[in-house]
Amino acid sequence: QGQLLAKSWSSLFEGQSGAALRGPIYSFNGRNVLTDPLWPRRLAWHGSTPRGGHARRWDCQGWRSSGVAEGMATALGEGRLLAGHRHNCSTP
């Protein structure tokens, strides 16, 4: 049994910057990405505007490792899923 992150899918994207994140977030191999040193940047890549729309210029779609594109991502410690900033798509 996990912790509830949001009451509904749409509540993740409502308001100014979406739902405030609560509780741990685990990777597929069971690591807590908020505390594990394997995840030093702790970014949630989403390619969205603060209102949940598609940020067409900032979604890393079509990016290749030799490119310099930027995409929208949010530092998980900020507490708001869509309070994003542009990050280089090469950022691990």
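Whatever comes next refers back to the structure up there.
Not measured: the values here are computed from a predicted model. (Residues numbered from 1 in each chain as written. Predicted model: local features only at pLDDT ≥ 70, side-chain atom pairs only at ≥ 80, totals over all residues. Heavy atoms only, no water.)

Q: Is there a simple way to explain the pattern of salt bridges in this structure?
A: Close approach of charged atoms allows side chains of opposite charge to pair. Per the counting criterion, the structure on display carries 2 salt bridges. A salt bridge links aspartate 36 to arginine 31; its shortest N-O distance comes to 2.9 Å. When its relative accessible area of 35% is taken as the criterion, arginine 31 is described as partly exposed. Measuring nitrogen to oxygen at the nearest pair gives 3.2 Å for the salt bridge that ties glutamate 70 to arginine 86. In this pair, glutamate 70 is assigned in strand β2 (residues 70-75) and arginine 86 in strand β3 (residues 85-88), connecting sequence segments 16 residues apart. (Salt bridge = Lys/Arg side-chain N within 4 Å of Asp/Glu carboxyl O. Buried < 20%, exposed > 50% of the residue type's maximum accessible area, 1.4 Å probe, protein only. Helix = DSSP H or I, 4+ residues; strand = E, 2+ residues; numbered from the N terminus.)

Q: Sorry if this is basic, but what is going on with the nonpolar core here?
A: Within soluble globular proteins, side chains that are nonpolar generally end up buried alongside one another. Membership of the largest hydrophobic core is limited to 5 residues, which are Val33, Ala44, Leu76, Leu81 and Leu82. Valine 33 has contacts with Ile25, Ser27, Trp39, Arg42 and Leu76, leaving out every residue within four places of it along the chain. (Core = buried A, V, L, I, M, F, W, Y, C linked by side-chain atoms within 4.5 Å. Contact = heavy atoms within 4.5 Å.)

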